[in-house]
Amino acid sequence: MNFEGLDPGLAEYAPTMHSALDPVLDAHLNPSLLQNVELDPEGVALEALPVQESVHIMEGVYSELHSVVAEVGVPVSVSHFDLHEEMLWVGSHGGHATSFFGPALERYSSFQVNGSDDIRQIQSLENGILFLTKNNLKYMARGGLIIFDYLLDENEDMHSLLLTDSSTLLIGGLQNHILELDLNTVQETQKYAVETPGVTIMRQTNRFFFCGHTSGKVSLRDLRTFKVEHEFDAFSGSLSDFDVHGNLLAACGFSSRLTGLACDRFLKVYDLRMMRAITPLQVHVDPAFLRFIPTYTSRLAIISQSGQCQFCEPTGLANPADIFHVNPVGPLLMTFDVSASKQALAFGDSEGCVHLWTDSPEPSFNPYSRETEFALPCLVDSLPPLDWSQDLLPLSLIPVPLTTDTLLSDWPAANSAPAPRRAPPVDAEILRTMKKVGFIGYAPNPRTRLRNQIPYRLKESDSEFDSFSQVTESPIGREEEPHLHMVSKKYRKVTIKYSKLGLEDFDFKHYNKTLFAGLEPHIPNAYCNCMIQVLYFLEPVRCLIQNHLCQKEFCLACELGFLFHMLDLSRGDPCQGNNFLRAFRTIPEASALGLILADSDEASGKGNLARLIQRWNRFILTQLHQDMQELEVPQAYRGAGGSSFCSSGDSVIGQLFSCEMENCSLCRCGSETVRASSTLLFTLSYPDGSNNKTGKNYDFAQVLKRSICLEQNTQAWCDNCEKYQPTIQTRNIRHLPDILVINCEVNSSKEADFWRMQAEVAFKMAVKKRGEISKNKEFALADWKELGSPEGVLVCPSIEELKNIWLPFSIRMKMTKNKGLDVCNWTDGDEVQWGPARAEEEHGVYVYDLMATVVHILDSRTGGSLVAHIKVGETYHQRKEGVTHQQWYLFNDFLIEPIDKHEAVQFDMNWKVPAILYYIKRNLNSRYNLNIKNPIEASVLLAEASLARKQRKTHTTFIPLMLNEMPQVGDLVGLDAEFVTLNEEEAELRSDGTKSTIKPSQMSVARITCVRGQGPNEGIPFIDDYISTQEQVVDYLTQYSGIKPGDLDAKISSKHLTTLKSTYLKLRFLIDIGVKFVGHGLQKDFRVINLMVPKDQVLDTVYLFHMPRKRMISLRFLAWYFLGAQGSLREGPKDGLEGA
């Protein structure tokens, strides 16, 4: 063995500090102590020391009862009597803990707490034991299992701990602070600064914390604030020990002498009532430890390190006759503790022995100790061996415990929580027919369930659909599911049924017979589809967004403009909002507002869609407003920022939606504070619920005025009073917006009941008026128009058309001279009476027409959905269908259907709840320039820098277009696109073995290659862009795409890496200029890229060489067939350049 490099200082340690390798007694050890004691190979005693029969203990006088070896040769550092069980805990300088049971000191458990540091304090709790070492706090069960291990800072040197209550612990040491630890969360809750560092002893009474410092001081601190209330300067050298009992504090320590520190034989005693010192107590031993042992009197036990112990009264004189001697095996006593019952004293010496002194032959450590759990005796040695090689060995020979014993799976109450089975809801029919007598209800049995049987459901969600559990077995009955009887079919959540051809054979025309474009719902966070449609059909917003272009990579306004362009070009085919939602997911504010849903939450409908879409509404308006305020844009991206749309001060979104207000705060002292602000939307504030039960009629205009001109009482700071005072806060309108956006905030049954009550009152009034008109047979045209009949058609509205309507189609707002606001419901009949609204705008009177309503469809089976009713204007019909009229439509993702205008304002609160309302000023379009100028210029095709850092080291795979090569209308461009997978496909196998796709895989474009189709450089690529992505890629599809991990990472990629937006602009420019794309499977490529290309601009070889009712032919086969062997694609991963 090589001993080089060992520290020579190790030889300076006394041999008694090291445990013997063989069970050989130490030279200092009394041989009589270890008679009949079995030592293990490490030198640790396995059994307690027997008591000699000759020992006689006199009642009331402390005498030695037992001595036992904890760990041979290793000094005892701390001893502690368990406060809950009849046990004594001992810690050693080697970090080992040992426990002894009862007065006989039978060894109970022994385990290592720390591998290098000594144990400095032990504290017993109900469920375990706390051990404090230099920079570690460990909580362990009494059997040795670790409950928690809390590491402190390496620079800290901890010496003491104090349990202030059942879950709070203070830890102090040689640093200038004390830590407060929560034992429930195992976290530091507070750090108290200490003026005098070195807190080595802590005690507590019902009045103070007491901290003993190494400087010889004892500080008294407040229990709540930990501030120093008083301080005793006890000793000039250092403090050895102190204890507190009643109104007395006694301390022992060291005084400074010329030769150094000397043990002071005067105990300092202080009266805590007067906070002053009383006569010091002179003792006859060198005090190292002291404890109050209050039995009949408040006597003190003073112990020296040499083993002398003296009892005396703190206010009397010490008597030498009260001294007795402890016989330590080692030269010094290292620790001392007193049991809670005061019947036992424990001493630990420097040789690892523990001495128990008691005042009775059968002492108890605690007044009321609980029973101690012991390990089961080992049964293995008493059982006959079993031969496993015998095949016929009966397993009944293996002993198992009786079922009456506690099983391993029976967790203790502290580690488990009872979860009783949730009671199913009471049948609605029972509640309806119940009659109460006192507090007991009686109802006839509806016979909907078997007698005394309740179906047990494992899934919690099943209990929500108990009322829909009776599903008919008839195929005819299953077609219309019984739980959807309330929800009209066109309002239900629509899903795409995928086949092996994907979407190619799905009939979207069945759901949309118009020429307007729907939006596909299977993309993550597509719950906002309805709001995208609302913004699109606002003509000024559509034109403004499509004119906008900036350099930001993830700009919601740019992406929304690209999506609006797709909706413009589509002739009834659904579009995807992939790129817009991708940019949406990157906005930090969207994530902070909880607008980004996980796939599981969106599929199960866990999120509250009504609240979600209202938050999204506020977010998108704010975000568009901020994006439009970007004024510094390069010439290549110059869009709406340079047109007549934009003003220098505010964005056009601000001009359209912003409402300027004055917020006034009036204190009761009379001082008034006014500040200006603006808002992009309003939230409805409903009257108190107490009035709803009376059936009081509120016009929608009244509630809207209350919400806009909000008045509330609140606590606010008053500069005049210089304190918080009750203030009246009011809101006055300075300028009305062109588009009035309202969040309905119907988030509870209280608001729903208010809408239901007002609709019922309005229905009764409308029916009454209808009856009067029908009875008189003499009526005016204005009366019919007020009830909502078509213009000039004298047809009485039906009863069904009048139900569940509270919302007016138009409202009239007037700004008064004293900054007030008048709001009233407006009908076509009012226009006959008051004149056209256009003429009154000069006097501050404006008429707003309802343009869109977004509603939340409540459907417990699918989790609900969001749909929109939109009044589509003349310009949209002119562009799509060549007619000029207005019509209300229902937009439910890709389902689009014309509806009657009453249906847009009918809200059956059982399943159709209003969420967002859009009112626009009458003749709004005439106020704005609605011309769209394509902001994408030819400069996007010129050379650009790569995002990749290593790209310059490799050869270029393409030559950018020159100015004289710019494509013209009808030019051919070869295109190939490669994709990677972001989310895997979700599918299930049917019982017949066929696969059904539930959700398709989500693809993202990874590489786009464009090749010149004519000119001197024909066949040479001018675009070969790899698209950088920040989202996690599940599958690179290298076998088909040739994309490898790392190609899309800007840090390590060697490719020409660009952003998706940059490459998208290049393709948009080529489409807008009118080139013809040649490629294979371009329909799917353009769909994933989010491009809408006219059919006359696409030459797709998949369909050019496709025979009816035959499979599609691959590009590899076509190249081999038409171009021969020299033109065939090589084997291996596909290359985009070859494909293009």
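In case you missed it, the structure is sitting above this.
Here is what the cut-offs are and how they apply
Residues numbered from 1 in each chain as written. Predicted model: local features only at pLDDT ≥ 70, side-chain atom pairs only at ≥ 80, totals over all residues. Heavy atoms only, no water. Buried < 20%, exposed > 50% of the residue type's maximum accessible area, 1.4 Å probe, protein only. Helix = DSSP H or I, 4+ residues; strand = E, 2+ residues; numbered from the N terminus. Arc of directions from axis to C-beta. Contact = heavy atoms within 4.5 Å. 1 Å grid on protein atoms, 1.4 Å probe; cavity = no way out; pocket = protein on both sides within 12 Å on 5 of 7 lines; lining within 4 Å. Points joined across faces, edges and corners; volume = space filled by probe spheres on them. Salt bridge = Lys/Arg side-chain N within 4 Å of Asp/Glu carboxyl O. Axes fitted to C-alpha atoms, helices over the stretch in contact; angles between N-to-C directions. Parallel < 35°, antiparallel > 145°, perpendicular 65-115°, else oblique. Nonpolar A, V, L, I, M, F, W, Y, C, P; charged D, E, K, R; others polar. Left-handed = near helix turned anticlockwise from the far one by under 90°. Pairing = 2+ DSSP bridges.

Novice: Any details on helix H20 (residues 1082–1089)? Residues and values, ideally.
Specialist: Those residues of H20 that sit buried are Leu1082, Asp1085, Phe1086, Val1088 and Ile1089. Angularly, the buried residues of H20 cover 165 degrees about the axis, an arc narrow enough to put them on a single face. Along its buried surface, H20 packs onto helix H6 (578–586), strand E46 (972–983), strand E49 (1002–1012), helix H19 (1060–1073), strand E52 (1076–1079) and strand E53 (1098–1100). Residue asparagine 1090 follows H20 closely and has a positive phi angle near 75 degrees.

Novice: Before we move on, can you summarise empty space enclosed by the protein with the specific residues and values?
Specialist: Enumeration according to the criterion identifies 6 cavities of 30 Å³ or more in this entry. Approximately 110 Å³ is the volume attributed to the largest cavity. Around the largest cavity sit 13 residues that line it, and Asn578, Asn579, Arg582, Met1003 and Ser1004 are the ones nearest its centre. Of all elements in the fold, only H6, E49 and H20 reach the threshold of two or more residues within the lining of the largest cavity.

Novice: Quick one: what's the story with the pattern of salt bridges, residue by residue and with numbers?
Specialist: Taken as a whole and assessed by the stated rule, the structure comprises 31 salt bridges. Residues arginine 120 and aspartate 157 are paired through a salt bridge, measuring 2.3 Å at the closest nitrogen-oxygen approach. Of this pair, arginine 120 sits in the loop between strand E5 (106–112) and strand E6 (121–124) while aspartate 157 is found in the loop between strand E9 (146–151) and strand E10 (158–165), placing the two residues 37 residues apart along the sequence. Across the pair lysine 138 and aspartate 149 runs a salt bridge, and its minimum N-O distance is 3.7 Å. Of this pair, lysine 138 sits in strand E8 (residues 136–140) while aspartate 149 sits in strand E9, and the two are 11 residues apart along the sequence. Accessibility expressed as a relative area gives 9% for lysine 138, which makes it buried. When its relative accessible area of 41% is taken as the criterion, aspartate 149 is described as partly exposed. Members of the salt-bridge network, linked through shared partners, are Asp82, Glu85, Arg142 and Arg370.

Novice: Describe the side chain of glutamine 123, listing the residues and the values that go with them.
Specialist: As for its placement among the helices and strands, glutamine 123 is situated in strand E6. Owing to a relative accessible area of 13%, glutamine 123 belongs among the buried residues under this scheme. When neighbours within four sequence positions are excluded, glutamine 123 is seen to be in contact with His80, Leu83, Gly128, Ile129, Leu130, Leu161 and Leu163.

Novice: Mind laying out the packing of helix H3 (residues 529–536) against helix H5 (residues 556–569), listing which residues take part and the relevant values?
Specialist: Relative orientation of the contacting elements H3 and H5 amounts to 80 degrees, with a least axis distance of 11 Å. Relative to H5, H3 is oriented roughly perpendicular. Between H3 and H5, the contacting residues are Ile532, Gln533, Leu535 and Tyr536 on the first element and Leu560, Leu563, Phe564, Leu567 and Asp568 on the second. Residues belonging to the contact of H3 with H5 are distributed by class as follows: 7 nonpolar, 1 polar and 1 charged.

Novice: Describe the packing of H5 against H6, and please don't skip the residues or the numbers.
Specialist: Two elements in contact, H5 and H6, have axes separated by 8 Å at closest approach and are oriented at 165 degrees. One element, H5, and the other, H6, form an angle in the roughly antiparallel class. Read as a crossing pair, H5 and H6 show a hand that is left-handed. In contact with Leu556, Glu559, Leu560 and Leu563 of H5, H6 contributes Asn579, Phe580, Ala583 and Phe584. Considering only residue class, the contact of H5 with H6 consists of 6 nonpolar, 1 polar and 1 charged.

Novice: How would you sum up the sheet that holds strand E50 (residues 1021–1027)? Please name residues and give values.
Specialist: Two modes of strand pairing occur in sheets, parallel and antiparallel, and in both the strands are linked by backbone hydrogen bonds. Across the sheet, which stays open at both edges, the 6 strands sit in the order E51-E50-E49-E46-E52-E53 with mixed pairing between neighbours. Each edge of the sheet is formed by a strand with only one pairing partner; in this case those strands are strand E51 (1057–1058) and E53. Where E49 and E50 come together, 5 bridges link them in antiparallel fashion. Within E50, the residue paired with valine 1011 across the bridge is proline 1021. Here H19 sits on the sheet in contact with E46, E49, E50, E51 and E52, set at roughly 145 degrees to E50.

Novice: Quick rundown of the sheet that holds strand E2 (residues 76–81)? Include the residues and the values.
Specialist: If you walk across this open sheet you meet the 4 strands as E2-E3-E4-E5, and the pairing is antiparallel. Whereas interior strands pair on both sides, the edge strands pair on one side only; in this sheet they are E2 and E5. Ignoring strand direction, the axes of neighbouring strands in this sheet form an average angle of 20 degrees. Here 5 bridges tie E2 to strand E3 (residues 87–92), and the two strands are oriented antiparallel to one another. Counterpart to serine 79 in the pairing with E3 is valine 90.

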